[in-house]
Amino acid sequence: MTNEPAQLEAQGKRAFADKRFDEAAELFQQAAEGYSLGRAGLMAAEMMNNVSVALLQAGKPQESLTAVLGTEKTFEEAKDVKRQAMALGNIAAALEGLNRYDEAIDAYERSAELFRQVDEGDMRAMVMKSAAAIKLKTGKVTESAFKMMGSLDAKKTPGFFERILRFFLRFIK
């Protein structure tokens, strides 16, 4: 077994693809440590985001949140807006997993705004749909409908279902 961060990352991705989420999280954690030692802070932060996603998939939202917290600041300092938005989305997903819905909505909306800034319409639509789903779940239906409409508008090429949904959501306004 090697200690090369890139190889650990690749092994982590294989474990994740095989749905061995705990193993993937451990491999990503080792890769993050390796990247940190090599002063590759952005790669270490990216690996911690991978750890977070793997832990969330393994049903460990608190550990997922702990792993990802702070990475959004690393990306912000590096002016890497896309990865900052992704980190905020991962934070939001972990918060949602912990039933901390208001905080999750806030993080999803901050993520969506950053995705808008870097013209990532599909990613923006995805996080806006996640925020809208929480709002539906918690009974904030009207606000959720407006968010859903925003997420549909953000997507460059809406599918058939999304076009129909956009048509029906017009009547809620």
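Note that the structure is predicted; figures quoted are calculated from it, not measured.

Here is what the cut-offs are and how they apply
Residues numbered from 1 in each chain as written. Predicted model: local features only at pLDDT ≥ 70, side-chain atom pairs only at ≥ 80, totals over all residues. Heavy atoms only, no water. Axes fitted to C-alpha atoms, helices over the stretch in contact; angles between N-to-C directions. Helix = DSSP H or I, 4+ residues; strand = E, 2+ residues; numbered from the N terminus. Parallel < 35°, antiparallel > 145°, perpendicular 65-115°, else oblique. Left-handed = near helix turned anticlockwise from the far one by under 90°. Contact = heavy atoms within 4.5 Å. Nonpolar A, V, L, I, M, F, W, Y, C, P; charged D, E, K, R; others polar. Core = buried A, V, L, I, M, F, W, Y, C linked by side-chain atoms within 4.5 Å. Buried < 20%, exposed > 50% of the residue type's maximum accessible area, 1.4 Å probe, protein only.

J.: What am I meant to see in the packing of helix α2 (residues 21-37) against helix α3 (residues 41-57) here?
T.: Axes are the key here: two packed helices are described by the angle between their axes and the distance separating the axes. Following both chains from N to C, one finds α2 and α3 inclined at 165 degrees, their axes separated by 8 Å at the closest point. Taken as axis vectors, α2 and α3 run roughly antiparallel relative to one another. For α2 against α3, the interelement crossing comes out left-handed. Contact residues: F21, A24, A25, F28, Q29, A31, A32, Y35 and S36 in α2; M43, A44, M47, M48, N50, V51, A54, L55 and Q57 in α3. Looking at the contact of α2 with α3 residue by residue, the classes come out as 14 nonpolar, four polar and no charged.

J.: Please clarify how the nonpolar core should be interpreted in this entry.
T.: Note that soluble globular proteins tend to have their nonpolar side chains buried in a common cluster. Ranked by size, the top nonpolar core spans 20 residues in total, and within it L65, I91, L95, A104, Y108, V127 and I134 carry the most contacts. At the level of secondary structure, the elements contributing two or more residues to this core comprise α4 (61-68), α6 (81-97), α7 (101-117) and α8 (121-137). Apart from the residues within four sequence positions on either side, V127 is in contact with Y108, S111, A112 and F115. In this structure, L8, L27, Y35 and V51 belong to the second largest nonpolar core, which totals 16 residues.

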